[in-house]
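Here are the chains, one letter per residue:
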Amino acid sequence: CLCSGVIFSVALCLDFNYHNSQGVENFLKTINVKYSQITYLHSIGNSVQGRPLWVIVIGKYPTKHTIGIPEFKYVANMHGNEVVCRELMLHLVEYLVTNYATDPIISQLINSTRIHIMPSMNPDGFEASVPDCTSLDGRYNNNGFDLNRNFPDAFQTNNDPIQPETKAVMDWIASETFVLSANFHGGALVASYPYDNGNLGMRPLRSSGVTPDNDFFIYIAKLYANKHTNMFQGISCFGSSGFTNGITNGFQWYPVKGGMQDYNYIFSQCFEITIEVSCCKYPNESTLPEFWNENKISLIEYIKQVHMGIKGQVFDTLGNPVSNAIVEIQGRSHICPYKTNKNGEYYLLLLPGSYTLNVTVTARSILKAINVSESPNFSAVKYDIFLPF
């Protein structure tokens, strides 16, 4: 049986077909049993119709957070009719676990990262979708809401009631220290980065959709597009304009109120981009091997970027970790200040260069000059902060 260019045993071979909700569940449970030492399978909640929202975690310590190991996530199929990404996630899971023991790069990636993969945020929508490139059937959840317009928004009031799927993801995000993420869609071929929304009443940079971390967002969007076999070419879909270098700022493409990537970045300190992987939302399943080959390298390389920048802990004079300390780069203040977690940990994604780290506790701050270098060994530069007060 030939899967993903590697010969595996027949029992582990995931076919290139569309898998319904039960098929996804069966596959994830089989993987979890077979690779129980490096996987953890759980449901973060249920859809409107009661379908579990499955997440499989892959890592050396899959069941819980470990200090110094960053949390990474992929979320797919939040629009139920955009289905290619759903299958990509399943093949990625298979690729990671089956190569763990034989590929030193994959082994090192899994040992140093806790990888969360949600194949479908909108299983009800998937079950209602139809094989059509442009149909809206299944896009929304079973209550008729667009889940990518359903999150709290920093720029506009979002009066739509929070849906069960959205609430489950928000609770999940709050329970982990996610550092980097991506969510997947169909209908275009582009990597889109925050902001997705803006407010003309705010200062010009924010009104135009530009974040304080614009350089890093452009870098990771370009990385995904460049590692993809053709996204970087800026291919147009159905006569629409293509995108230079295969990337775009979300707000400059079109404003989205209540989008998930802005919610992650602003409210949960997790850098997230939105990746559109196919012009056709629901293509024939015969094309799935091609989509996997187009995205496989990008999917792996993107995970590696969670190890860029700096990380560490903040301690008081007694050596105790300090939670809720504000840790930011001078000149890169966020709408919601980035703070240490309950372990006193922080993670800041940065490109190589020189920066000034600003740590603030109870209105008192310390500044520290830092230098960020490349991270070849799957570990960000470590800077522990010991407060003099």
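Residues numbered from 1 in each chain as written. Predicted model: local features only at pLDDT ≥ 70, side-chain atom pairs only at ≥ 80, totals over all residues. Heavy atoms only, no water.

For the chain, the name recorded in an unreviewed UniProt entry is Peptidase M14 domain-containing protein, with Hymenochirus boettgeri as its organism. In UniProt, the chain has this text filed under Cofactor (unreviewed entry): "Zn(2+)". (UniProt positions renumbered as here; feature names shortened; annotations may be inferred.)

Novice: What is the right way to look at the state of the cysteines in this model?
Specialist: A covalent bond bridging the sulfur atoms of two cysteines is what the word disulfide describes. This model, assessed by the stated rule, comprises two disulfides. In this model, cysteine 133 is linked to cysteine 280 through a disulfide, with the two sulfur atoms separated by 2.0 Å. Judged by the sign of its S-S torsion, about -95 degrees, the cystine formed by cysteine 133 and cysteine 280 is left-handed. Of this pair, cysteine 133 sits in the loop between helix H4 (123-128) and helix H5 (164-175) while cysteine 280 sits in the loop between strand S10 (271-278) and helix H10 (288-304), and the two are 147 residues apart along the sequence. We classify cysteine 133 as partly exposed; its relative accessible area is 29%. Two residues share a disulfide in this structure: cysteine 237 and cysteine 279, whose sulfurs sit 1.9 Å from each other. Given an S-S torsion of about -65 degrees, the disulfide between cysteine 237 and cysteine 279 has left-handed geometry. With cysteine 237 in the loop between helix H7 (214-227) and strand S9 (247-249) and cysteine 279 in the loop between S10 and H10, this pair connects stretches of sequence that are 42 residues apart. By relative accessible area, cysteine 279 is classed as partly exposed at 24%. Here cysteine 270 is not disulfide-linked; the sulfur of cysteine 336 is the nearest cysteine sulfur, at 14 Å. (Disulfide = S-S within 2.5 Å. Helix = DSSP H or I, 4+ residues; strand = E, 2+ residues; numbered from the N terminus. Buried < 20%, exposed > 50% of the residue type's maximum accessible area, 1.4 Å probe, protein only.)

Novice: Is there a simple way to think about the packing of helix H2 (residues 84-99) against helix H3 (residues 104-112) in this case?
Specialist: When two helices pack together, their arrangement is given by the angle between the helix axes and the distance between those axes. Packing of H2 against H3 brings their axes to within 8 Å, and their N-to-C directions diverge by 105 degrees. Taken as axis vectors, H2 and H3 run roughly perpendicular relative to one another. Across the interface between the two elements, Tyr95, Leu96 and Asn99 from H2 touch Ile106, Ser107 and Ile110 from H3. (Axes fitted to C-alpha atoms, helices over the stretch in contact; angles between N-to-C directions. Parallel < 35°, antiparallel > 145°, perpendicular 65-115°, else oblique. Contact = heavy atoms within 4.5 Å.)

Novice: Can you walk me through the pairing of S10 in this structure?
Specialist: Remark: a regular strand shows side chains that alternate across the two faces of the sheet. Judged by how many residues are buried, S10 sits mostly within the fold: eight of eight residues are covered. Relative to S10, strand S7 (residues 178-185) is paired through six bridges, and the arrangement is parallel. Across the sheet, alanine 182 pairs through a bridge with isoleucine 273, a residue of S10. Here strand S8 (residues 188-193) pairs with S10 via five bridges, running antiparallel. The residue of S10 that forms the bridge with valine 190 is glutamate 276. (Pairing = 2+ DSSP bridges.)

Novice: So what exactly am I meant to see when it comes to the UniProt feature "active site" (unreviewed entry) in the chain here?
Specialist: Following the UniProt record, one finds the feature "active site" (unreviewed entry) at Glu276. Among the structural elements, glutamate 276 can be located in strand S10. Other than its neighbours up to four places away in sequence, glutamate 276 contacts His185, Gly186, Gly187, Ala188, Leu189, Val190, Met231 and Trp253. Here the side chain of glutamate 276 touches glycine 186 through a polar contact of 3.3 Å, landing on its backbone nitrogen. (Polar contact = N/O pair within 3.5 Å; in protein donor to acceptor, adjacent residues only side chain to side chain.)

Novice: I keep staring at the sheet that holds strand S5 (residues 71-75) and nothing clicks. Help me out?
Specialist: By way of backbone hydrogen bonds, the strands of a sheet pair with one another, either parallel or antiparallel. Taking strand neighbours across the sheet as the criterion, the eight strands line up as S3-S4-S6-S5-S7-S10-S8-S9 in an open arrangement whose pairing is mixed. The two strands at the open ends of the sheet, each matched to only one other strand, are strand S3 (39-46) and S9. Here the average twist between neighbouring strands, direction ignored, is 20 degrees. By the bridge criterion, five bridges tie S5 to S7 in an arrangement that is parallel. Residue pairing for S7: lysine 73 is matched across the bridge by serine 181. On the sheet, H2 packs against S3, strand S4 (52-58), S5, strand S6 (114-118), S7 and S10 and is oriented at approximately 145 degrees with respect to S6. Seen against the sheet, helix H9 (residues 260-267) touches S5, S7, S8 and S10 and runs at an angle of roughly 160 degrees to S10.

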